[in-house]
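So you can see what is in the structure, the chains are spelled out below.
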Amino acid sequence: MAEAYERVMAARAKGRPTTMRFIENIFTDFTELHGDRRFGDDKAIVAGIARLGEMPVTVIGMEKGADTKEKVSRNFGSPHPEGYRKALRLMKQAEKFHRPVVCFVDTSGAYCGISAEERGQAQAIAENLMEMMALKTPVISVLIGEGGSGGAIGLAVADEVWMLENAWYSVISPEGCASILWKDSGKMKEAAACLKLTADDLYSFGVIEQVISEHDGDFVPVYEELKEKLAKMLAKNSSLPIETLLDNRYNRFRRIGAPGEIPTP
């Protein structure tokens, strides 16, 4: 029971690498692009073009920030609608130039303030889900920390979804779940166990394809492993006919939760 919540706390730990650290250590020649061309630029979403080895790619991720000042400026990694629209703009650009897309997911959830609702938060996320399902270029999403609800899914409709071993991915946080079910946020450990939100749980259900070891907190081999695996998977998927790529992606999601069976990764 405690183990699930311990992994949640590990995903939230101070000093845990954020998206920018992964970008700096996996890719080269990263050039950040800004704005959704409708409202503004959301610093909770980092997006741009880079190279993975010799392969040009588009990289998009939620960024929480390293220190207090940066965390505030990045809204603690909770994106606004313009963040999701920026992400989608870069995905469509990647599709146009036949660049694979790599997404890094790390958010407690999309920002739920009045300003976000006024600018169409739900619609922005829904558009990402729809467009990513039919995006005519390979997409891989990696959960590197928190994967909270629709805010996470907005960057996680992909050919494959991977998780770091201490990441979590759930429709709601353990504290939120405990507050609703038991009217007591203190029962978060029980809620975390019930939610089956760990990487091992989700791998066993076929919700994700790979669990990436964190090597006891040494992230240097994590970056190397991800760099190698991403390069192989993107090269493999880039060689597929577009129709096959899209069929595989569609069928991947159709298999999850199918009645009478537990999908195998």
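Scroll up to find the structure this text is about.
Cut-offs and rules
Counting of residues starts from 1 at the beginning of each chain's written sequence and follows it residue by residue. Restriction of local features to residues with pLDDT of at least 70 applies here, the model being predicted, together with a cutoff of 80 or more for giving and counting side-chain atom pairs; totals for whole chains, interfaces and linings are based on all residues. Only hydrogens and water are set aside; all other atoms, that is, all heavy atoms of the structure, feed into the side-chain values. Here a pair means two rings of Phe, Tyr or Trp (six-membered ring of Trp) with centres within 6.5 Å. Their orientation is stacked below 30 degrees between planes, edge-to-face above 60, and tilted elsewhere. Numbered from the N terminus, helices here are DSSP runs of H or I no shorter than four residues, and strands are runs of E no shorter than two. For each residue, the accessible area found with a 1.4 Å probe, counting protein chains only, is set against the maximum for its type, and the residue is called buried under 20%, exposed over 50%, and partly exposed in between. Whether two strands pair comes down to DSSP finding at least two bridges between them.

Asker: A description of the packing of aromatic side chains should follow, citing residues and the corresponding values.
Answerer: The full count for this structure, using the stated rule, is five aromatic pairs. Ring centres of Phe22 and Phe104 lie 5.7 Å apart, and the angle between their planes is 35°; this geometry places the pair in the tilted category. Of the two residues, Phe22 is situated in helix 2 (residues 19-26) and Phe104 in strand 4 (residues 101-107); the sequence distance between them amounts to 82 residues. Between the aromatic rings of Phe219 and Tyr223, the centroid separation amounts to 6.3 Å while the plane-to-plane angle is 40°, which identifies the pairing as tilted. In this pair, Phe219 and Tyr223 are both assigned in helix 11 (residues 219-238), four residues apart and thus about one turn of the helix distant. The exposure classification of Phe219 matches that of Tyr223, with both residues buried.

Asker: So what's going on with unusual backbone geometry? Residues and values would help.
Answerer: You will see that Asp29, though not glycine, has its phi angle at about 55°, which is positive. Among the secondary structure elements, Asp29 is positioned in strand 1 (residues 28-32). In this structure Asp29 comes out as exposed when scored by relative accessible area, which is 55%. Look at Lys196: it is not a glycine, yet its phi comes out positive at around 55°. Along the chain, Lys196 turns up in the loop between helix 9 (188-195) and helix 10 (199-205).

Asker: Describe the pairing of strand 3 (residues 55-62), with residues and values.
Answerer: A large share of strand 3 lies buried, amounting to seven of its eight residues. Pairing analysis gives eight bridges linking strand 2 (residues 45-52) to strand 3, with the strands arranged antiparallel. Of the residues in strand 3, the one forming a bridge with Ile45 is Met62. Here strand 2 hands over to strand 3 after two residues, with Gly53 in that stretch at a positive phi of 70°.

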